[in-house]
Amino acid sequence: GAGVSQTPSNKVTEKGKYVELRCDPISGHTALYWYRQSLGQGPEFLIYFQGTGAADDSGLPNDRFFAVRPEGSVSTLKIQRTERGDSAVYLCASSLDRAGSSTDTQYFGPGTRLTVL
Amino acid sequence: AQKVTQAQTEISVVEKEDVTLDCVYETRDTTYYLFWYKQPPSGELVFLIRRNSFDEQNEISGRYSWNFQKSTSSFNFTITASQVVDSAVYFCALSKAGANSKLTFGKGITLSVRP
């Protein structure tokens with residue numbers, strides 16, 4: 001079946017602009033995660049959705065970052081007033097999160113490479 | 001707080017050599033999960049294995065094997081008879097058990113397999 005998809009694959013923007021990054025999870029996966037990967041580093045957690053609600057947004061670096069998942073499927077990560085330091089690969093992952101399951105495996109999308117000039 | 005340390009940053013081997021990638025973790029949880037992911041040059045993270053903290057049996061899948069030792073908080077990954085296609089960045093990751101299973105990743109190990 002189809003995996004996690006992310007669009008766009010690349011985004012170049014200017015400092016101060018607003019960007020939206022989209023994630024389409026695996027069909028039926030109720031849990032969705034956003035991570036950010038800087039060059040030479042491992043991915044770092046940003047936010048976790050269970051269904052439509054953001055259950056954990058402790059990884060968002062500041063209030064310029066916001067994410068939504070209005071219908072419990074597709075999610076959009078929104079970054080306002082972008083800064084050069086926001087340049088990174090933004091990864092989305094989804095998992096089944098079956099009721100009663102202790103931990104389900106996260107499957108990752110190909111990422112969006114964001115470059116802020 | 002959880003932490004994953006991958007002390008090796010880059011490893012280079014010749015094809016057919018065996019190679020072990022080290023992973024050491026820290027957690028105060030009694031129940032947790034450990035993972036390995038592969039990130040080839042294309043960039044997509046590929047899931048390799050998941051292991052829970054109660055299962056210390058070693059696992060083998062083809063040329064891949066994993067050694068989980070709770071006593072040393074390590075979860076090492078061995079590739080036997082490496083191939084050029086194994087060249088990638090390998091990440092070890094840790095999560096709590098439960099619904100919010102956000103992953104804590106190590107910095108990754110870049111493996112280069114030369115023909």
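Scroll up for the structure.
Presented here is an overview of the structure given in this document. (Residues numbered from 1 in each chain as written. Chains lettered and ligands numbered in written order. Predicted model: local features only at pLDDT ≥ 70, side-chain atom pairs only at ≥ 80, totals over all residues. Heavy atoms only, no water.)

1. Focus on the interface of chain A and chain B
Keep this limit in mind: A contact between two residues is defined here by any heavy atoms of the two lying within 4.5 Å. As used here, buried area is the combined drop in accessible area, with a 1.4 Å probe, of two parts when they are placed together. In the sections that follow, a salt bridge refers to a side-chain nitrogen of Lys or Arg positioned within 4 Å of a carboxyl oxygen of Asp or Glu. As used in this structure description, the phrase polar contact means that two N or O atoms lie within 3.5 Å; if the pair is within protein, one of them must be able to donate a hydrogen and the other to accept it, and residues adjacent in sequence are counted only when both atoms belong to side chains. Under the DSSP-based scheme used, a helix requires at least four consecutive residues in state H or I and a strand at least two consecutive residues in state E, with every element numbered from the N terminus. As a working rule, the residues Ala, Val, Leu, Ile, Met, Phe, Trp, Tyr, Cys and Pro are called nonpolar, Asp, Glu, Lys and Arg charged, and the rest polar, with Gly in that last group.
Between chain A and chain B, the residue contacts involve 22 residues of the former and 21 residues of the latter. Interface area for chain A against chain B, summed over the two sides, is near 1800 Å², with a carbon-plus-sulfur share of 48%. On inspection of chain A and its partner chain B, the count reaches one salt bridge. Ionic pairing is found between Asp 56 of chain A and Lys 102 of chain B, a salt bridge with its closest N-O pair at 2.8 Å. Counting every contact that joins chain A to chain B gives seven residue pairs in polar contact (both at pLDDT 80 or more). Those elements that place two or more of their residues in the side of chain A that touches chain B are β4 (31-37), β5 (44-50) and β10 (107-108) of chain A. No other element matches β4 of chain A, which puts three residues into the side of chain A that touches chain B. Looking at the side of chain A that touches chain B residue by residue, the classes come out as nine nonpolar, 10 polar and three charged.

2. Some details on the sheet that holds strand β1 (residues 5-7) of chain A
All names here are of chain A. Test applied: Being paired, for any two strands, means DSSP has found at least two bridges between them. With axes taken as lines fitted to C-alpha atoms, and helix axes fitted only over the stretch in contact, angles between N-to-C directions fall between 0 and 180 degrees.
Taking strand neighbours across the sheet as the criterion, the four strands line up as β1-β3-β8-β7 in an open arrangement whose pairing is antiparallel. Of all strands in the sheet, those with a lone pairing partner are β1 and β7 (65-68), marking the two edges. Taken over all neighbouring pairs, the strand axes of this sheet differ in orientation by 15° on average, direction set aside. Note: β7 against strand β8 (residues 75-79), four bridges, orientation antiparallel. Paired with Phe 65 across the bridge in β8 is Ile 79.

3. Considering the packing of aromatic side chains
Residues and elements named next belong to chain B. Counted only if it meets this: Any two of the Phe, Tyr and Trp rings considered here, Trp counted by its six-membered ring, make a pair once their centres fall within 6.5 Å; the pair's planes then place it as stacked at under 30 degrees, edge-to-face at over 60, or tilted in between. Only protein chains enter the accessibility calculation, which uses a 1.4 Å probe; a residue is then buried when its area is under 20% of its type maximum, exposed when over 50%, and partly exposed in between.
In the structure shown here, the tally under the stated rule is 20 aromatic pairs over all chains. Centroid distance Tyr 37 to Phe 105: 6.0 Å. Interplanar angle 50°. Geometry classified as tilted. With a gap of 68 residues between them, Tyr 37 in strand β5 (residues 32-39) and Phe 105 in strand β11 (residues 104-105) connect regions that are remote in the sequence. Each of the two residues, Tyr 37 as well as Phe 105, counts as buried. For the pair Tyr 64 and Phe 77, a centre-to-centre distance of 5.2 Å together with 90° between the ring planes defines the contact as edge-to-face.

4. A short note on the environment of Thr 104 of chain B
Residues and elements named next belong to chain B. When you line up the elements, Thr 104 lands in strand β11. As a C-alpha pair, Thr 104 and Tyr 25 span 79 residues in sequence and 9.7 Å in three-dimensional space. If sequence neighbours within four positions are ignored, Thr 104 has contacts with Gln 2, Lys 3, Val 4, Cys 92, Ala 93 and Leu 94.

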